[in-house]
Amino acid sequence: MRDHTYQIRAVWDDEASVWVATSDDVPGLVTEASTLDALVKKLEVLIPELLEANNALPHAQEIPFEILSERHATARLRA
């Protein structure tokens, strides 16, 4: 049986040029990174730490999570 998959939301911050991650599933999670790959590396450490700090660690050796990313852009028409 597979445990709950934790939902992480990542939004691109144009002004700071970073991905900002938050989650309703992981109490206290707020972090940022310049790339999605770097964000994944940070989350691999932070998610277990925060779940442990909140006495919410699942009874499993692995903690599956998925990142739902959002980035807005504009395409311009050529004249």
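Everything here concerns the structure above.
### Topic: the environment of Glu-32
Move 1: Note that Glu-32 resides in strand 3 (residues 30-33).
Move 2: Once you skip the residues sitting within four places of it in the chain, Glu-32 turns out to touch Val-18, Trp-19, Val-20, Leu-39 and Lys-42.

### Regarding the sheet that holds strand 2 (residues 18-22)
Move 1: Judged by pairing direction, the sheet is mixed, and its four strands sit side by side in the order 3-2-1-4 without closing on themselves. The open sheet is flanked by strand 3 and strand 4 (65-70), the only strands paired with a single partner. Each strand axis lies, on average, 25 degrees off the axis of its neighbour in the sheet, ignoring direction.
Move 2: Of the strand pairs in this sheet, strand 1 (residues 6-13) and strand 2 are connected by five bridges, and their pairing is antiparallel. Counterpart to Ala-10 in the pairing with strand 2 is Ala-21.

### Some thoughts on helix 1 (residues 36-53)
Move 1: Here helix 1 is 18 residues long and its end C-alpha atoms lie 25 Å apart, about the 26 Å a rise of 1.5 Å per residue gives.
Move 2: Buried-residue contacts for helix 1 involve strand 1, strand 2, strand 3 and strand 4.
Move 3: Where helix 1 ends, the next residue or the one after it, Asn-55, has phi of about 50 degrees, a positive value.

### With respect to unusual backbone geometry
Move 1: The phi dihedral of Ser-17 is positive, around 55 degrees, even though this residue is not glycine.
Move 2: Looking at Ser-17, the relative accessible area reads 40%, which means it is partly exposed.
Move 3: Of note, Asn-55 is a non-glycine position whose phi angle comes to about 50 degrees, a positive value.
Move 4: With respect to the helices and strands, the residue Asn-55 is situated in the loop between helix 1 and strand 4.
Move 5: Judged by relative accessible area, Asn-55 falls into the exposed class, the value being 75%.

Definitions and cut-offs
- Residues numbered from 1 in each chain as written.
- Predicted model: local features only at pLDDT ≥ 70, side-chain atom pairs only at ≥ 80, totals over all residues.
- Heavy atoms only, no water.
- Helix = DSSP H or I, 4+ residues; strand = E, 2+ residues; numbered from the N terminus.
- Contact = heavy atoms within 4.5 Å.
- Pairing = 2+ DSSP bridges.
- Axes fitted to C-alpha atoms, helices over the stretch in contact; angles between N-to-C directions.
- Expected span 1.5 Å × (residues − 1).
- Buried < 20%, exposed > 50% of the residue type's maximum accessible area, 1.4 Å probe, protein only.

Function cannot be inferred from these measures alone, as they are strictly geometric.
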